[in-house]
Structures are given as structure tokens and as C-alpha cells.
Amino acid sequence: MEDQRKNGCCVMNSADDLTGQESNELLCALIQQKHPGAREQLLQKNIGMIHTIAWRERKQYAYLSLELEDLWAAGQMGLLHAAERFSPSNGNTFLTYALMHVRQAIQRENMSAGTTAKIPVYLHDRLHKIIRYRDSFYNTDYHLLAKRVTAGELDGLGLTEKEVRVCLSRVEPMTAVRSLNEMVAQDSTMELEEVVCYADEVTSDELVTRRLMVSQCLECLDEREYQVIAMRYGLDGNPERTLVEIGEVLQVTKERVRQLEERALQKMRAKVESGDEN
């Protein structure tokens, strides 16, 4: 009987037959035999592994907004799927075999449901590769990024300059889209739509005050700083421009424009904090 239990060949007909000491391999055999309590027992036995993988994947894909509870549920489905397909003849333990299934299930759930705008899994993978090799200044040199990804991927599957350009200009902005019905906080009953509506409710007096404050802040900038802020935020009546576009107008580098913008914003913050209206 003991040999039968180790090989998963014994027949158990009820959940009361389980002692809680069964191995993963035995529980897999019982699940394949449609045992009524084996699935719950296997989940309880491996819940720590599922939670650990979910935490890692959520941290790795931090730009996605799926909750941990959803990832845990996906991991449980992946574990049960692995149990139904597991065979000791493969030469691996169940944990080794299940690890891949759990990780893939969590990744696919994260990628397919983690954004309001649906993005194919292969584009998520591509975007994640680019983010890993992009520097802290959000470099948009597509050719350089393509070379970095290609050189850094051990599987040899790199990206072309065109693929990097499309991913950063079209796919990445879609990850920032949020539903107006999304809760502001996990324990909150207020939806994002309510916060947005409240933020937009500005009285005419408040609007005049804000415009006056902006005008006073702009007065503390020199001519070059004013030009950068005006073009960057559309204060000149034209659409907002990127750092590269402003650099082309002023005939300076993108990095120089970023420095001018940062310096101008620091001056404006100091003006507001001082409360000086002169």
C-alpha cells in the first residue's frame, strides 16, 4: 500500500482519505483521478511558491496595474494546469515542472488584464526588454536601444530600430491608460472618475488667481528659460513640444533643453514658496 501511495496509484474516494502529508506527486496523481479534495490540498501545500512568484512578477512589470489577488488566482490556475499534465516519467519533481506553468500563467494574466487598453503579450515582452536597457534619462535613440537589446539578450533574439521606435511611440503610452472606474486606493470606495471631476471643478476666481501666479512666476525667468517653458507647455499658443523639438528651434541639444527646463521650474517653485509678488 505504501508503494502504491508513493507512485500515486492508490485509489482514494473522499477528501477524508487525505492526511495532509501527501507528496506533490501523489496529489497530482489523485487530481488526475478526479479526487474531490486533492486540488485544495495541492494549492494549500504550494501557496507560498505562488505568492513569491506573483510578487516578483508584479515588481518586474511595475507599470502594469493588476492587483496581487488577481495574480495569485492566475498562479493557482497555472499550478492546477501543471498538476493535470504532470508525469513522474519526465524525471523532474513536480515543483520543478510546475514553476514554469505558474510563472507563465501569472505573466499572461498580468499582461492581458494589467492595462485598460489590451496589448498583445508579445508586445509586452518587447516593451519590457526595451525598458530594461533604457537609461535613466529615457533615451529615445532607437538605433542605440536596438543595439543594446540585441547585444544583451542571451537568446539572441534582438530588436530592430523600427521595432524599438514603434514600441516606445505606440505601445508604451497605452500602458499609462487608466479606467475612470479604477479605485483610487485598495481600501477606498472612491473611483478615479470622482477625483478627476473634482479636480476639474475650478471657479473663475481660482482660474484668475492661477493665471496671475503663472504670469508672476514667468517674470523671474530669463529669455531662454521663458522660451523653453512656453514651448514645452504650450504657453505660446502652439501645441506642447518635446525636448527634441525645442532643441531644434533653439539650436541646442536635448540635454541642454532639459537643463534649462529644470532650472526654470526651480525658479518658479522658489517664487511660489516665497510668496513674493514683487
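Structure: see above.
These remarks concern the structure in this document. (Residues numbered from 1 in each chain as written. Predicted model: local features only at pLDDT ≥ 70, side-chain atom pairs only at ≥ 80, totals over all residues. Heavy atoms only, no water.)

For the chain, the helix and strand inventory stands at 14 helices and 0 strands. Element order for the chain, N to C, with α for helix and β for strand: α-α-α-α-α-α-α-α-α-α-α-α-α-α. Taken across its 278 residues, the chain has 32% of its residues classed as buried. Once local pairs closer than 6 in sequence are excluded, the contacts in the chain between residues at least 24 apart make up 48%. Surface accessibility of the chain: about 17,500 Å² in total, with carbon and sulfur atoms responsible for 51%. (Helix = DSSP H or I, 4+ residues; strand = E, 2+ residues; numbered from the N terminus. Buried < 20%, exposed > 50% of the residue type's maximum accessible area, 1.4 Å probe, protein only. Contact = heavy atoms within 4.5 Å. Areas by Shrake-Rupley, 256 points an atom, 1.4 Å probe, with all protein chains shown as cover.)

Before going further, it helps to examine helix H4 (residues 47-60). Its 14 residues give H4 an end-to-end C-alpha distance of 20 Å, which sits within 8% of 20 Å, the value for a rise of 1.5 Å per residue. Taken as a whole, H4 has its buried residues at Met49, Ile50, Ile53, Ala54 and Glu57. Angularly, the buried residues of H4 cover 130° about the axis, an arc narrow enough to put them on a single face. Seen from the buried face of H4, the exposed residues on the opposite side, beyond 90 degrees, are Trp55, Arg56 and Lys59. (Expected span 1.5 Å × (residues − 1). Arc of directions from axis to C-beta.)

Before going further, it helps to spend a moment on the side chain of Asn46. Its place among the elements puts Asn46 in the loop between helix H3 (38-45) and H4. Accessibility expressed as a relative area gives 5% for Asn46, which makes it buried. Not counting the four nearest positions on each side in its chain, Asn46 is found in contact with Asn24, Leu79, Phe94 and Leu95.

Every buried residue belonging to helix H8 (residues 142-152) is among Leu145, Ala146 and Val149, and all of these are buried. Down the axis, H8 shows its buried residues gathered within 100° of arc, on one side only. Seen from the open side of H8, the exposed residues pointing more than 90 degrees away from its buried face are Lys147 and Ala151.

Another aspect to go through is the environment of His128. One can find His128 in helix H7 (residues 121-133). Separated by 68 residues in sequence, His128 and Gln60 place their C-alpha atoms 8.7 Å apart.

On to the nonpolar core. Of all hydrophobic cores here, the largest spans 24 residues; its most connected members are Ile31, Leu42, Leu79, Ala83, Phe94, Val102 and Ile106. Only helix H2 (24-32), H3, H4, helix H5 (68-85) and helix H6 (94-113) provide two or more residues apiece to this core. When residues of this core are assigned to their parent elements, the largest contribution, 6 residues, is made by H5. Of all hydrophobic cores here, the second largest spans 13 residues; its members include Leu127, Ala146, Val149 and Leu168. (Core = buried A, V, L, I, M, F, W, Y, C linked by side-chain atoms within 4.5 Å.)

Applying the stated criterion across every chain yields a total of 8 salt bridges. Residue Arg263 is joined to Glu225 by a salt bridge in which the shortest nitrogen-to-oxygen separation is 2.6 Å. With Arg263 in helix H14 (residues 254-274) and Glu225 in helix H12 (residues 223-232), this residue pair connects regions lying 38 residues apart in the sequence. For Glu225, a relative accessible area of 0% gives the class buried. Taking the shortest distance from any N to any O, the salt bridge between Arg232 and Glu261 comes out at 3.3 Å. Of the two residues, Arg232 is situated in helix H12 and Glu261 in helix H14; the sequence distance between them amounts to 29 residues. Take Glu261: its relative accessible area is 10%, and that puts it in the buried class. (Salt bridge = Lys/Arg side-chain N within 4 Å of Asp/Glu carboxyl O.)

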